[in-house]
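# Structural overview for review
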Amino acid sequence: MSINHYTYRVTWSAKKNEHVGLCAEFPSLSWLAPPPEKALLGIRRVVADAVADMKVTLPPKTGSLAKALKMISEEKVNHGDWYEGAVRSLCLISPGAGCGRN
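Residues numbered from 1 in each chain as written. Predicted model: local features only at pLDDT ≥ 70, side-chain atom pairs only at ≥ 80, totals over all residues. Heavy atoms only, no water.

### Details of the overall build of the protein
- For the protein, the count of helices and strands is three helices and three strands.
- Per-residue burial over the protein gives 28% buried out of 102 residues. (Helix = DSSP H or I, 4+ residues; strand = E, 2+ residues; numbered from the N terminus. Buried < 20%, exposed > 50% of the residue type's maximum accessible area, 1.4 Å probe, protein only.)

Encoded structure:
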């Protein structure tokens, strides 16, 4: 998916005294910058890096999130570290899917 298809917003942080760039699909990512334009550009860059990393670390497309989660859970026994990273990435992609690290 193109990073242009994600939902971005920029808000002011009185605590940090800067603008904060956020992405709804990646709630753990943010970018601080004094001007709002740079906060938006920064969060888009961070999301692009995260998506590129997920393309390398996630299994090939299986057609659905449920199939990907099933495939990952089957790999847990043999690839513990890989499993943890892949589940974190899938939860970032689809936070409403109810996935966890159990």
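So much for the structure itself; the text now carries on.
### A few points about unusual backbone geometry
- Phi at Asn-17 is positive, roughly 60°, even though this residue is not glycine.
- Within the element layout of this structure, Asn-17 appears in the loop between β1 (8-13) and β2 (18-23).

### Describing the confidence of the model for the protein
- For the protein, per-residue confidence averages 77 on the pLDDT scale, and residues scoring 70 or more make up 56% of the total.
- The spread of mean pLDDT over the elements of the protein runs between helix α3 (residues 80-93), the lowest at 57, and β1, the highest at 97.
- Low pLDDT (under 50) marks residues 97-102, which in the prediction has 12 contacts with non-local residues, meaning those over four places away or in another chain. (pLDDT = per-residue confidence, 0-100. Contact = heavy atoms within 4.5 Å.)

### As for the sheet that holds β2
- The sheet built from three strands is open, its strands ordered β1-β2-β3 with antiparallel pairing. What marks the edges here is a single partner per strand, and that holds for β1 and β3 (30-33). For this sheet, the mean inter-axis angle between neighbouring strands, taken without regard to orientation, is 25°.
- Bridge count for β1 against β2 is six bridges, and the pairing is antiparallel. Looking at β2, one finds that Thr-11 is bridged to Val-20.
- Of the strands in this sheet, β1, β2 and β3 touch helix α1 (residues 36-57), which is tilted by about 150° from β3. (Pairing = 2+ DSSP bridges. Axes fitted to C-alpha atoms, helices over the stretch in contact; angles between N-to-C directions.)

### Examining the environment of Asp-49
- Within the element layout of this structure, Asp-49 appears in helix α1.
- The sequence separation of Asp-49 and Ile-3 amounts to 46 residues, and the corresponding C-alpha distance is 9.9 Å.

### Some words on the pairing of β2
- Counting the residues between successive antiparallel strands, the hairpin from β1 to β2 contains four residues, one of them, Asn-17, with a positive phi of roughly 60°.
- Hairpin connection between β2 and β3: a loop of six residues separates the two successive antiparallel strands.

### Quick look at the side chain of Ser-13
- Along the chain, Ser-13 turns up in strand β1.
- In terms of polar contacts, Ser-13 uses its side chain to reach the backbone amide nitrogen of Lys-16, at 3.1 Å.
- Excluding its chain neighbours within four sequence positions, the residues that come into contact with Ser-13 are Glu-18 and Val-20. (Polar contact = N/O pair within 3.5 Å; in protein donor to acceptor, adjacent residues only side chain to side chain.)

### A short note on the packing of aromatic side chains
- For the coordinates displayed, the defined rule picks out one aromatic pair.
- Judged by centre distance (5.3 Å) and plane angle (85°), the ring pair of Tyr-6 and Phe-26 falls under edge-to-face. Placement of the pair is Tyr-6 in the segment before β1 and Phe-26 in the loop between β2 and β3, with a sequence separation of 20 residues. (Phe/Tyr/Trp six-rings, centres within 6.5 Å; stacked < 30°, edge-to-face > 60°.)

### Looking at the nonpolar core
- Among the nonpolar cores identified, the biggest contains 12 residues, and these are Tyr-6, Tyr-8, Cys-23, Phe-26, Leu-29, Ile-43, Val-46, Val-47, Ala-50, Val-51, Met-54 and Leu-58.
- Here this core gets six residues from one element, more than from any other, and that element is α1. (Core = buried A, V, L, I, M, F, W, Y, C linked by side-chain atoms within 4.5 Å.)

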